[in-house]
Amino acid sequence: MKHTSSQTIDLTGRETEIQPYGTVVNRPLSLDHKVRLASANGLNQILADTMTLRDMYKKHHWQVSGPTFYPLHLLFDKHYGEQAALVDTLAERIQTLGGVAIAMAHDVAETTRVARVPRGREDATIQLFRLLQAHELIIGEARDAAHAAAASGDDGTNDLLVSDILRRNELQVWFVSEQLAGAGLADRDEEAVGSVVNTHA
Ligand SMILES: [Fe+2]
């Protein structure tokens, strides 16, 4: 770099990036470049969605109200912490493969497939439905990416997706689902659930 002081450095990233997002550098992992690239791309989508779910849990931890305030306040923060751990696991797998992990909120917002959540407060039942919807999206993505990784020989990514992402999300779905028992909405089918939270197309 030819910069002499911080005043002259172009911080837009045009001159400072040492590896562009969406690329993978070589790693001696006995995995083809195209396999590592496909795995990193799939993991980045799941990472963006997991960061969004993590933050949704904290939002709901803060904003929950009603007679179930206290148990939900605690449950949401527990799941937040577990999702935060998954974020680090996903990001470090992407870097391990030679990729670039998505990290900043503005990039995550442009990338996530989780339906946009309003800034204001919502009823606890709607909070729970939104969480289940995000979990199901991530579970589907994790299964698809796990199958693709296994088919291409990326056993490490397959194991991470199944053992960490899939199992943790399935377990959290159980806990969130049971909170809806007695709400009169737990037995609704997927279509009805989607309409309750005004799901995106
Ligand atoms: Fe807190």
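Structure's up top.
Here goes a summary of the coordinates provided. (Residues numbered from 1 in each chain as written. Predicted model: local features only at pLDDT ≥ 70, side-chain atom pairs only at ≥ 80, totals over all residues. Heavy atoms only, no water.)

Within the protein one finds six helices and zero strands. Reading the protein from its N end, one meets helices and strands in the order α-α-α-α-α-α. In the protein, which comprises 201 residues, the proportion classed as buried is 41%. Of all intrachain contacts in the protein linking residues separated by at least 6 positions in sequence, the fraction that spans at least 24 positions is 77%. (Helix = DSSP H or I, 4+ residues; strand = E, 2+ residues; numbered from the N terminus. Buried < 20%, exposed > 50% of the residue type's maximum accessible area, 1.4 Å probe, protein only. Contact = heavy atoms within 4.5 Å.)

Taken together, F69, Y70 and L74 make up a surface patch of nonpolar side chains, about 310 Å² in accessible area. Note on placement: F69 falls in helix α2 (residues 69–96). (Patch = residues over 30% accessible without salt bridge, like charges linked within 9 Å, V, L, I, M, F, W, Y side chains within 5 Å. Areas by Shrake-Rupley, 256 points an atom, 1.4 Å probe, with all protein chains shown as cover. Salt bridge = Lys/Arg side-chain N within 4 Å of Asp/Glu carboxyl O.)

This next bit is on the pattern of salt bridges. This model, assessed by the stated rule, comprises nine salt bridges. Two residues, R130 and E122, come together in a salt bridge whose shortest N-O distance is 2.6 Å. Using a relative accessible area of 9% as the deciding quantity, one classes R130 as buried.

In this section: the packing of α2 against helix α4 (residues 124–151). At a minimum axis distance of 13 Å, the contact between α2 and α4 shows a crossing angle of 20 degrees. Between α2 and α4, the angle falls in the class roughly parallel. Handedness of the α2/α4 crossing: left-handed. Seen from α2, the contacting residues are L72, F76 and Q83; seen from α4, they are A124, Q127, L128, L131 and H135. When its residues are assigned to classes, the contact of α2 with α4 shows five nonpolar, three polar and no charged. (Axes fitted to C-alpha atoms, helices over the stretch in contact; angles between N-to-C directions. Parallel < 35°, antiparallel > 145°, perpendicular 65-115°, else oblique. Left-handed = near helix turned anticlockwise from the far one by under 90°. Nonpolar A, V, L, I, M, F, W, Y, C, P; charged D, E, K, R; others polar.)

The tally for this structure, following the rule as stated, stands at two aromatic pairs. With 6.0 Å between their ring centres and 55 degrees between their planes, Y57 and F76 make a pair best called tilted. Here Y57 is found in helix α1 (residues 33–63), whereas its partner F76 is found in helix α2, with 19 residues between them in sequence. Considered together, Y57 and F76 belong to a single accessibility category, that of buried residues. Relative to F175, the ring of W174 has its centre 5.0 Å away and its plane inclined at 65 degrees; by these criteria the two rings are edge-to-face. (Phe/Tyr/Trp six-rings, centres within 6.5 Å; stacked < 30°, edge-to-face > 60°.)

Located in the positive-phi region is S30, a residue other than glycine, with phi close to 55 degrees. Following the sequence through the fold, S30 ends up in the segment before α1.

Let's shift gears to the side chain of H61. With respect to the helices, strands and loops of the structure, H61 is situated in helix α1. Take H61: its relative accessible area is 10%, and that puts it in the buried class. Polar side-chain contacts of H61 include one of 2.7 Å to the backbone oxygen of H73. Setting aside residues no more than four positions away along its own chain, H61 makes contact with H73, F76 and D77. (Polar contact = N/O pair within 3.5 Å; in protein donor to acceptor, adjacent residues only side chain to side chain.)

Here we take up the nonpolar core. Ranked by size, the top nonpolar core spans 42 residues in total, and within it L47, L161 and I165 carry the most contacts. Put simply, the parts of the chain that give this core at least two residues each are α1, α2, α4 and α5 (155–179). When neighbours within four sequence positions are excluded, I165 is seen to be in contact with I46, L86, L90, I138, A142 and L160. (Core = buried A, V, L, I, M, F, W, Y, C linked by side-chain atoms within 4.5 Å.)

On to the packing of α4 against α5. If you want to describe how two helices pack, look at the angle between their axes and the distance between the axes. Direction vectors running N to C along α4 and α5 enclose 160 degrees, while the axes themselves pass 9 Å from each other. The orientation of α4 with respect to α5, classified from their angle, is roughly antiparallel. Like other packed secondary-structure pairs, α4 and α5 cross with a definite hand, here left-handed.

An ideal rise of 1.5 Å per residue puts 40 Å on 28 residues; α4 measures up with 41 Å between its terminal C-alpha atoms. One side-chain oxygen of the residue at the start of α4 lies 2.8 Å from the amide nitrogen of T125, identifying that residue as D123. (Expected span 1.5 Å × (residues − 1).)

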